[in-house]
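# Structural description and commentary
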Amino acid sequence: MTRSPDPTGAVLAVAPARPGRDESGSDVVARFARTAADCARVGAAVLDLAPVPGVPLAEPVRAVHRAGLLARVAATPDATPAELLSCGADALCAPLDAPAEFLRELRAGVAERGAALHLLARGAAELALLRDVPEPAHVVVVFTGDGPDAVAAFASAMDQVPAGTGRTAAGVGPAGLPVLLTALAGGAHVRIGRGDTPDYAPGTPARDDAQLVARAAGVAKIAQRPPLAPERAAELLGIKT
């Protein structure tokens, strides 16, 4: 992972804690609204949303926008392209191994709406699929490695991303902090939050998503890549606001 860090700063995205099964639709939307507002205050620019059964996608997207953040929605084949494209998201994030026709529909739809299509790689192996993607704009790499070789494995994986493609890195579980540090040093943007890493430290659950964002913001400043505002983040993420 040898690219020079972006001197303008880093985009901090948030993967919020997943809703509980007993939460009503209105409770889910209200919780996303609180999370977005809290995370915006400490440096986040993007909130990642996964579809929640029984909750229209547009409702949490609007809640995120009211907090001043960009909304990126997980584009899984469980939802139709029409549903995803009509929810008002600033970006859709589709798995690299999604059906080709599904990806083509999303790519055409976001281009008409000024939104962006990001691609999700769940580990190093899926990054090889980027070879078949024409001019990928941005990839979100979710890394789950652990142990003494985790940092080297993560850096090697990120080197597979083609030059000119934007990169956001997320570490799951114990990989959260090593990925954060390595990504910031290597020029990537980062995703943090209890949806990826529920603990603040081993054996210590994070109080909320904002606590993890605040730590990432502090590390980003130390790395001389301060958190970017949503307006600048939109430019780097291919979003036309």
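This section reports on the structure supplied with the text. This one's a predicted model, so the numbers in the text were calculated from it and none came from an experiment.

### Some thoughts on helix α4 (residues 100-113)
Its 14 residues place the ends of α4 20 Å apart at the C-alpha level, agreeing with the 20 Å of an ideal helix rising 1.5 Å per residue. All of the buried residues in α4 are F102, L103, L106, G109 and V110. All buried residues of α4 fall inside an arc of 135° around its axis, so they share one side. The exposed set on the far side of α4, more than 90 degrees from its buried face, consists of A111 and E112.

### Things to note about the pairing of strand β6 (residues 138-143)
In terms of burial, β6 is a largely internal element, six of the six residues being buried. Here β6 shows two buried faces, one formed by H138, V140 and V142 and the other by V139, V141 and F143. Inspection of the sheet shows strand β5 (residues 116-121) paired to β6 by three bridges, in the parallel sense. Opposite L119, over in β6, you have V139 as the bridge partner.

Rules of the game
Residues numbered from 1 in each chain as written. Predicted model: local features only at pLDDT ≥ 70, side-chain atom pairs only at ≥ 80, totals over all residues. Heavy atoms only, no water. Helix = DSSP H or I, 4+ residues; strand = E, 2+ residues; numbered from the N terminus. Expected span 1.5 Å × (residues − 1). Buried < 20%, exposed > 50% of the residue type's maximum accessible area, 1.4 Å probe, protein only. Arc of directions from axis to C-beta. Pairing = 2+ DSSP bridges.

Scope: geometric values only; no functional claims are made or implied.
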